[in-house]
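Observations on chain architecture
As a plain string of letters, each chain reads:
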Amino acid sequence: MRPLEKQVEAPRAVEPVRPRGRRGSLERERRQAYWLVAPAVGVLAGVALYPILAAMWLSLHRFILVFGEKRFVGWGNYAYLLGDARFWSALGNTAYFTLVAVTVEVLLAVPLALLLQRAFPGRGLLRAAVLVPWAIPTVVSARLWAWMFNPDSGLINRLLWGADINWLGAPGYALHAAILVDVWKTTPFVALLVLAGLQGIPEDLYRAARVDGASAWRTFRSITLPLLKPALLLALLFRSLDAFRVFDAIYVLTEGGPANTTETLSIYAYKTLMRSGDFGYGSTLSVATFVCVVVLAAVWLRLLGREEPAR
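About the criteria used
Residues numbered from 1 in each chain as written. Predicted model: local features only at pLDDT ≥ 70, side-chain atom pairs only at ≥ 80, totals over all residues. Heavy atoms only, no water. UniProt positions renumbered as here; feature names shortened; annotations may be inferred. Helix = DSSP H or I, 4+ residues; strand = E, 2+ residues; numbered from the N terminus. Axes fitted to C-alpha atoms, helices over the stretch in contact; angles between N-to-C directions. Parallel < 35°, antiparallel > 145°, perpendicular 65-115°, else oblique. Left-handed = near helix turned anticlockwise from the far one by under 90°. Nonpolar A, V, L, I, M, F, W, Y, C, P; charged D, E, K, R; others polar. Buried < 20%, exposed > 50% of the residue type's maximum accessible area, 1.4 Å probe, protein only. Contact = heavy atoms within 4.5 Å. Core = buried A, V, L, I, M, F, W, Y, C linked by side-chain atoms within 4.5 Å.

Mapped onto this structure's residue numbering, the UniProt feature "domain: ABC transmembrane type-1" (unreviewed entry) falls at residues 91-302. Taken end to end, residues 91-302 comprises 77% helix and 0% strand; its first and last C-alpha atoms sit 23 Å apart.

Below, the structure written as structure tokens:
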């Protein structure tokens, strides 16, 4: 007789034991997270959101404090804004200042960051010295440059072999003098961002390029520049938004003159609000500046999103 064969049953899949009350625990953690974030959200709403909404509401009124006039005009201020030649001039000055200043800063910051990345004696001292212009308050640096631009006793004309140029009083020079001040002050900040991007590039890529016999220019064009694009776009984002809202440097240098040739949107809004006392139209100018900054930020963030590697 054959031995009886035992029937072996296939092992059953053991269902994982789910802890009871897991869903309730997640809900409690989520509510706790909301309560922890709520104070910060409240502070941001009070500091940022409320002034923006208040400015938008005020821009719908004709509000001149000196005359005691305040009445709702709807979109009247915005209709006047579209036909305001001074607004378009200020917008053009702001766009030109932003474009030229940021472009020059990036072009100077890239070689400066490449220099700071190299190992040489005194590199730490050079890095500290480069950051000095950025650490100086803008008002102080602008006042310093105003003395240097003085047509009678300034250092700039002396360096140009006694040239007689009124840098801050001539329409053709004043805006470019303000751009020079901004470039001198902010290039170290851009170089710092680019340097952070350079340090994130793997050294193995450079070793492989040297083994293949690639020149320094080919290495920069094929390795450094493509991998540096996210850092460059981030620097362009920060600097474009900051330059578009420029106020203190130009106000200290020229106060928007001569003949409003250096007047930016922020300076025009300030003059309308504080000097003319027209809070309605001044708020309209402020809202227009805010909208331009939001559009500019959206463009740069879209470009930054395209540069993110696919996961």
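So, about the packing of helix 3 (residues 85-117) against helix 8 (residues 171-199). The contact between helix 3 and helix 8 brings their axes to 6 Å, and the two run at 45°. In terms of their interaxial angle, helix 3 and helix 8 are classed as oblique. The crossing of helix 3 and helix 8 is right-handed. Taken together, the residues that form the contact of helix 3 with helix 8 break down as 22 nonpolar, six polar and two charged.

Of note, Ser240 is situated in helix 10 (residues 216-244). Take Ser240: its relative accessible area is 5%, and that puts it in the buried class. Between the C-alpha atom of Ser240 and that of Leu285, which follows or precedes it by 45 residues, the distance is 19 Å. Leaving out residues up to four positions away in the same chain, Ser240 has contacts with Thr98, Val102, Leu296 and Trp300.

To continue, consider the UniProt feature "transmembrane region" (unreviewed entry) in the chain. What UniProt calls "transmembrane region" (unreviewed entry) maps, in this numbering, to residues 33-58, 95-116, 128-148, 173-198, 219-238 and 279-301. Annotation note: span residues 33-58, helix share 100%, strand share 0%, distance between end C-alpha atoms 35 Å. Across residues 173-198, the secondary structure splits into 100% helix and 0% strand, with the terminal C-alpha atoms separated by 36 Å.

The next thing to look at is the nonpolar core. Membership of the largest hydrophobic core comes to 64 residues, with the highest contact counts inside it found for Phe87, Phe97, Val106, Phe149, Val194, Leu253 and Leu285. Sorting the residues of this core by element identifies helix 3, helix 6 (138-148), helix 8, helix 9 (203-211), helix 10, helix 11 (248-253), helix 12 (265-275) and helix 13 (279-307) as the ones contributing at least two each. For this core, the leading source of residues is helix 10, giving twelve residues. Once residues lying within four places of it in the same chain are set aside, the contact partners of Val106 are Val190, Leu232 and Leu236.

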